[in-house]
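# Geometric and topological summary
Below, each chain spelled out in residue letters.
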Protein chains: 2
Amino acid sequence: MKTAIIGTGLIGRAWAISFARAGNAVRLWDAEPSALPAALDFIRIVLPDLEKNDLLNGASPDEVLSRIRGVPDLSEALADVDYVQENTPENIDIKRKVFADLDRHAPPSAILASSTSALLPSQFLEHVSGRGRCLVCHPINPPYLIPAAEVVPSPWTLQGTVDRAAEFLRSCGQAPLVMKREIDGFIMNRLQGALLEEAFRLVADGYAGVEDVDIGIRDGLALRWSFMGPFETIDLNAPGGVRDYAERYQQIYSRLFPSMQRRVDWTGSVMNAVEEERSKRLERDKLAERQMWRDRRLMSLLAHKTKADREIGS
Amino acid sequence: MKTAIIGTGLIGRAWAISFARAGNAVRLWDAEPSALPAALDFIRIVLPDLEKNDLLNGASPDEVLSRIRGVPDLSEALADVDYVQENTPENIDIKRKVFADLDRHAPPSAILASSTSALLPSQFLEHVSGRGRCLVCHPINPPYLIPAAEVVPSPWTLQGTVDRAAEFLRSCGQAPLVMKREIDGFIMNRLQGALLEEAFRLVADGYAGVEDVDIGIRDGLALRWSFMGPFETIDLNAPGGVRDYAERYQQIYSRLFPSMQRRVDWTGSVMNAVEEERSKRLERDKLAERQMWRDRRLMSLLAHKTKADREIGS
């Protein structure tokens, strides 16, 4: 497939790696032409690490890099493309203008996808004449390390667009979550928000420390979640499956919900406690170093999961 | 350490494995003496699997088994013990009576810990004369595969009891979350409940399918959570750390919370959709087989994490 990346910041350049390692041609375009060499430099640095962890589908870094090309002219970047991934700032007016441009220059058969996490597709697609082929494909960054990506239709998106976008993402090794209709926060940020809100509340109300919450997820709940998800987890946690689980335990959970109503200001006094505890565990000038550790752990976890899928089953 | 397991159902027998493989002597006691051989049979079956995954601290299954002994008499089971783990039914009256018995028979220096998940320690410990040495140590089952365990003091638990219980659990390879005071659901079930409630709501309201939610966690959020936890995850997701993250993104999350207020009946009509989708992915007569798959994946994940901790850092 021929793909174009519109906007080559953190998200755009990461998508470029995902698309190119799957064998697609990738054209990079940015409103600021000087951004293109910076994006290509980043990609050049990341590819050897991915190769070391067997995350380039057997290709060499040079092969993958040869599929990616910076193109300063928008109409040239969009000529003959099959799939466009937009990654411009989270601003309704910018997205509206960009999608009008994409719709004008890209061939009518091309899918036009936005990486937005903060906007609903209906907020910027209504007046795009080819809105039937437009939608949101929202990654968790970086998509070359985290497979999940949300596919979110606007009210005008054609079913064929949704299906083709999901199929393309799958062909790139991503794991699409296909939403039936849009809602603020999509799926992943809603689940994360619900969990974080309760985590902040437990710390704010003096029940637990920051590290205790992290242990409960890292050495507890997320172990099973990392290869099953929460629904399969409860499906296997009662003799009769998920219905049996809900019938046995809903009552216990229901007692908890009233005390989960109070909102906590994450930037209020609880943040002093959170930041103090995090600073003790990680000096504030070591954040970038720790991010590199995180990405190495992610690569290693993905290699483990691929092996376990093959040897034990998925 | 000399330990006693009071009640040898699923949780009790699982604790026995965790304690014994760490080198502790374990006495099993159950109100129903015929339960003891069944528990020992279960342990005998599990140990070789753990050995294969290098989860017995280098000991053989026979060595570990030799540390575990069924004892039909309660006072004999408790003579000279250092640590008692209670696993009787989730019933206040039963727990009250059992803890009075434990307090009477165990040496005054012994810690008395309950595995309860549904009761608060204050609900059954108030009238125990040695209540200062009593607390809750709540595992995720099975504790020999999932390190996290909640340490929950009652209002009367001495700090020394909390510290010693946490230290003992650490010596068994568990990862204790030490609560500062009790709250219904402790930490892990509150976090799980918050996430599940939003998951059920997304399915009930027609935004997402069951499998889409599972993908979002399994191939998305839980990858990082499984080695960092949610607080460290957001600490690394903004250039200036966790405070920067909250300042940048709280506004986006705040917009989501009002639509998270509506309660969903998990056993209501949404359950038809959930069960139908789960049944398509896993026939209802294959649940037990899939549980065995889950435990093999858990063992394999633990082996991976131990290796990654060593090679990449924890």
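What you are looking at is a predicted structure, and each value in this text was computed from that prediction instead of being measured.

## Comments concerning the overall build of chain A
Along chain A, the regular secondary structure elements total twelve helices and eight strands. For 314 residues, the compact-globule estimate of 2.2 N^0.38 gives 20 Å, and chain A sits close to it at 21 Å. For chain A, the C-alpha atoms occupy an extent of roughly 60 × 45 × 40 Å along the three principal directions. Put simply, chain A has 314 residues, and 61% of those count as buried. Across chain A, the fraction of contacts at a sequence separation of at least 24, relative to all contacts at a separation of at least 6, is 68%. On chain A, roughly 12000 Å² of surface is accessible, and the fraction owed to carbon and sulfur atoms is 50%. Put simply, chain A has 39 plus and 44 minus side-chain charges, and the middle of one group is 2 Å from the middle of the other.

## What about the side chain of R201(A)?
Residues and elements named next belong to chain A. Within the element layout of this structure, R201 appears in helix 8 (residues 188-204). Overall, R201 belongs to the buried group, its relative accessible area being 5%. Within the structure, the side chain of R201 is placed 2.7 Å from the side chain of E198, a separation counted as a polar contact. Those residues in contact with R201 that sit more than four places away from it in its chain are S259, M260, Q261, R262 and V264.

## Looking at the interface of chain A and chain B
In many reports, interface size means the accessible area that the parts give up when they come together. If you look at the interface, chain A gives 115 residues, while chain B gives 115 residues. Three residues stand out in chain A for area buried against chain B, namely Y207(A), F231(A) and R297(A), and they jointly supply 8% of the buried area on that side. Between the two partners, chain A and chain B, sit 18 salt bridges. For the interface between chain A and chain B, the tally reads 56 residue pairs in polar contact (both at pLDDT 80 or more). Going through the elements one at a time, strand 8 (175-178), helix 8, helix 9 (210-235), helix 10 (242-254), helix 11 (269-281) and helix 12 (287-311) of chain A are the ones with two or more residues in the side of chain A that touches chain B. Per-element accounting of the side of chain A that touches chain B gives the leading share, 24 residues, to helix 9 of chain A. Residues belonging to the side of chain A that touches chain B are distributed by class as follows: 61 nonpolar, 25 polar and 29 charged.

## Let's talk about the domain arrangement of chain A
Domain annotation of chain A identifies domain 1 (2-178) and domain 2 (188-281). With centres defined by C-alpha atoms, the gap from domain 1 of chain A to domain 2 of chain A works out at 33 Å.

## Description of the sheet that holds strand 7 (residues 148-153) of chain A
Residue and element names in this part refer to chain A. In spatial order, the strands read 3-2-1-4-5-6-7-8; together these eight strands make up an open sheet with mixed pairing. Both outer strands of the open sheet, strand 3 (68-70) and strand 8, are each paired with one neighbouring strand and no more. Within the sheet, the average angular offset between the axes of one strand and its neighbour, ignoring direction, is 25°. Bridging between strand 4 (residues 83-86) and strand 5 (residues 111-114) involves four bridges; their strand directions are parallel. Bridged to E86 within strand 5 is S114. Strands in contact with helix 7 (residues 159-171) are strand 1 (2-6), strand 4, strand 5, strand 6 (134-139), strand 7 and strand 8; relative to strand 6, the strand with the most contacts, it is inclined by about 30°. Docked against the sheet, helix 8 engages strand 6, strand 7 and strand 8, running at close to 115° with respect to strand 7.

Here is what the cut-offs are and how they apply
- Residues numbered from 1 in each chain as written.
- Chains lettered and ligands numbered in written order.
- Predicted model: local features only at pLDDT ≥ 70, side-chain atom pairs only at ≥ 80, totals over all residues.
- Heavy atoms only, no water.
- Helix = DSSP H or I, 4+ residues; strand = E, 2+ residues; numbered from the N terminus.
- Rg over C-alpha atoms; globule rule 2.2 N^0.38 Å.
- Buried < 20%, exposed > 50% of the residue type's maximum accessible area, 1.4 Å probe, protein only.
- Contact = heavy atoms within 4.5 Å.
- Areas by Shrake-Rupley, 256 points an atom, 1.4 Å probe, with all protein chains shown as cover.
- Lys, Arg positive; Asp, Glu negative; His and termini not counted.
- Charge placed at Lys NZ, Arg CZ, Asp CG, Glu CD.
- Polar contact = N/O pair within 3.5 Å; in protein donor to acceptor, adjacent residues only side chain to side chain.
- Buried area = accessible area lost by both parts, 1.4 Å probe.
- Salt bridge = Lys/Arg side-chain N within 4 Å of Asp/Glu carboxyl O.
- Nonpolar A, V, L, I, M, F, W, Y, C, P; charged D, E, K, R; others polar.
- Domains from an automatic or database assignment.
- Pairing = 2+ DSSP bridges.
- Axes fitted to C-alpha atoms, helices over the stretch in contact; angles between N-to-C directions.

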